[in-house]
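An overview of the molecular structure
Chain residues, written in single-letter form:
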Amino acid sequence: MKKQLVTLAIGAALGLSASAAFADTLSDVQAKGYLQCGVSPSTPGFAAPDANNEWAGLDVDFCRGMAAAIFDDPAAVRFTPLTSKERFTALSSGEIDVLSRTTTWTMSRDTNLGIDFAGTTFYDGQGFMVRKDLGVASASELSGAAICIEAGTTTELNAADYFSSNGMEFNAVVFEDQDEVVKAYDDGRCDVFTTDSSALAAERLSLANPDENMILPEIISKEPLGPSVRQGDDLWFNITRWVYFALLESEELGITQANVDDMLASENPGIRRTLGVEGDFGSALGLTTDWAYRVIKHVGNYNDIYERNVGANTPVGIERAGSVNDLWTRGGLMYAPPIR
């Protein structure tokens, strides 16, 4: 989602130099008393200010989980809204401590930018949205249609590949940022809006007449979205990665935000290790033994976060059951190594 390509050599150089300059992120975060988290400016369900001007969303809750693990306080986090162009520079320069902004994990980003992805918090894929009165039911019918798209992104490249490989005419109407794309589509300046399918579901809610628009069934790309940190700080990377794993492991073990205190008395060794009742799985991260308990107590497990922000009963309405975002035990791709 909003996937700006950053391939210039200067970007890689900035990432490498930043890694050396910010090699003890945990100590820096503890010293200032809060986590600085980079998020999307406004993507409902993932990161957006709510009616009370409080940040909410799946990506937001991930950062609140990290703050809970470190400080036992999910409010010990500040949010920096970033455009697709700004996000990687903000991370490399140390302006933010973690980037949790619907960002696709790709090879070039993983190898050229001096950053590491901690995991996939949402498996996505690029789709197409059209007005119902356009009279199409498939992306295969879009040859020659005017397509609103964000410039210089993998979204643009994916769409070009799709149209070319299917012998279709690609008529892109290009804009500099996603807000411009959404407005142009809503104003009728193009026939089609393309981006990640989760973003389409979220952005449809902001249109003047949401029910007059539909998302076509085709998914044309793989977009594994997840948080990233600067390379060169293994401890900070491990904290970020294991907070992510703890969200999944706790769900698999049946530990929820609602029952976590009762689970402290469980005789299940996996539950006891996860909650810090048995063994020490915190000191290697520079955290307390109950760091995962703190995460679950304050923000819940992965399913708690998913259903609260993007699930079937939310306005975004993305069904999880049976999808790739379900646990591996239910046919999905969500899988965590054990805490042991």
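Residues numbered from 1 in each chain as written. Predicted model: local features only at pLDDT ≥ 70, side-chain atom pairs only at ≥ 80, totals over all residues. Heavy atoms only, no water.

Along the polypeptide, serine 250 turns up in helix H9 (residues 234-253). The residues touching serine 250, leaving out its near neighbours within four places in the chain, are Ile255, Ile296 and Asn301. (Helix = DSSP H or I, 4+ residues; strand = E, 2+ residues; numbered from the N terminus. Contact = heavy atoms within 4.5 Å.)

Let us look at the sheet that holds strand S9 (residues 146-150). The 5 strands are arranged S10-S9-S11-S8-S12 in an open sheet whose pairing can be described as mixed. With partners counted over all chains shown, the strands left at the sheet margins are strand S10 (171-175) and strand S12 (213-215), one partner each. Adjacent strand axes in the sheet meet at a mean angle of 30 degrees when their direction is disregarded. As paired strands, strand S8 (residues 126-131) and strand S11 (residues 192-196) are joined by 5 bridges and run antiparallel to one another. Within S11, the residue paired with methionine 129 across the bridge is phenylalanine 193. Helix H6 (residues 154-165) contacts S8, S9, S10 and S11 of the sheet and is inclined by roughly 80 degrees relative to S8. Sheet contacts for helix H8 (residues 197-204): S8, S11 and S12; angle to S11, the most-contacted strand, approximately 125 degrees. (Pairing = 2+ DSSP bridges. Axes fitted to C-alpha atoms, helices over the stretch in contact; angles between N-to-C directions.)

The next subject is H6. Under the 1.5 Å per step criterion, the end-to-end length of H6 is 16 Å for 12 residues, consistent within 8% with the ideal 16 Å. Within H6, the full set of buried residues consists of Thr154, Thr155, Asn158, Ala159, Tyr162 and Phe163. Mapping the buried residues of H6 onto a view down its axis gives an arc of 165 degrees, with all of them on the same face. Opposite the packed face of H6, turned more than 90 degrees from it, sit the exposed residues Asp161, Ser164 and Ser165. Each element contacted by the buried residues of H6 is listed here: S8, S9, S11 and strand S13 (223-225). (Expected span 1.5 Å × (residues − 1). Buried < 20%, exposed > 50% of the residue type's maximum accessible area, 1.4 Å probe, protein only. Arc of directions from axis to C-beta.)

Turning our eyes to something else, we now look at the packing of helix H3 (residues 58-71) against helix H12 (residues 291-299). Look at H3 against H12: their axes get within 8 Å of each other, and the N-to-C directions meet at 135 degrees. With respect to their mutual orientation, H3 and H12 come out oblique. The way H3 lies across H12 gives a crossing that is right-handed. Within the contact between the two elements, H3 uses Asp61, Arg64, Gly65, Ala68, Ala69, Ile70 and Phe71 and H12 uses Trp291, Arg294, Val295, His298 and Val299. (Parallel < 35°, antiparallel > 145°, perpendicular 65-115°, else oblique. Left-handed = near helix turned anticlockwise from the far one by under 90°.)

Looking now at the state of the cysteines. All told, the structure shown has 2 disulfides when counted by the stated rule. Put simply, cysteine 37 and cysteine 63 are joined by a disulfide, and their sulfur atoms are 2.0 Å apart. Because the torsion about its S-S bond is 60 degrees, the bridge between cysteine 37 and cysteine 63 counts as right-handed. Pair noted here: cysteine 37 is in strand S1 (residues 35-39) and cysteine 63 is in helix H3, with a separation of 26 residues, a long-range link. A residue is classified by how much of its surface remains accessible, and cysteine 37, at 0% relative accessible area, is buried. Here cysteine 148 engages in a disulfide with cysteine 190; their sulfurs sit 1.7 Å apart. (Disulfide = S-S within 2.5 Å.)

Scanning the model with the defined rule gives 12 salt bridges in all. When the shortest N-O distance is used, the salt bridge between glutamate 176 and lysine 85 registers 2.6 Å. Pair noted here: glutamate 176 is in the loop between S10 and helix H7 (178-186) and lysine 85 is in the loop between strand S4 (77-81) and helix H4 (87-93), with a separation of 91 residues, a long-range link. For glutamate 176, a relative accessible area of 45% gives the class partly exposed. Among the salt bridges present, the one from aspartate 187 reaches lysine 183, with a minimum N-O distance of 2.7 Å. Here aspartate 187 falls in the partly exposed class, since its relative accessible area comes to 45%. (Salt bridge = Lys/Arg side-chain N within 4 Å of Asp/Glu carboxyl O.)

On to the side chain of aspartate 124, then. Within the secondary structure, aspartate 124 is located in strand S7 (residues 122-124). Polar side-chain contacts of aspartate 124 include one of 2.2 Å to the side chain of serine 198. (Polar contact = N/O pair within 3.5 Å; in protein donor to acceptor, adjacent residues only side chain to side chain.)

What follows deals with the packing of aromatic side chains. Applying the stated criterion across every chain, the model contains 13 aromatic pairs. Between tyrosine 162 and phenylalanine 163 the ring centres are 5.8 Å apart and the planes differ by 80 degrees, which places this aromatic pair in the edge-to-face class. Each member of the pair, tyrosine 162 as well as phenylalanine 163, is classed as buried. Grouped by ring-pair contacts, the aromatic residues Phe46, Phe122, Tyr302 and Tyr306 constitute a single cluster. Sitting over the ring of tyrosine 34, arginine 78 keeps its end group 3.8 Å from the ring centre. Above the ring of tyrosine 185, the side-chain terminus of arginine 131 is found at 4.6 Å from the ring centroid. (Phe/Tyr/Trp six-rings, centres within 6.5 Å; stacked < 30°, edge-to-face > 60°. Lys NZ or Arg CZ within 6 Å of the ring centre and 35° of its normal.)

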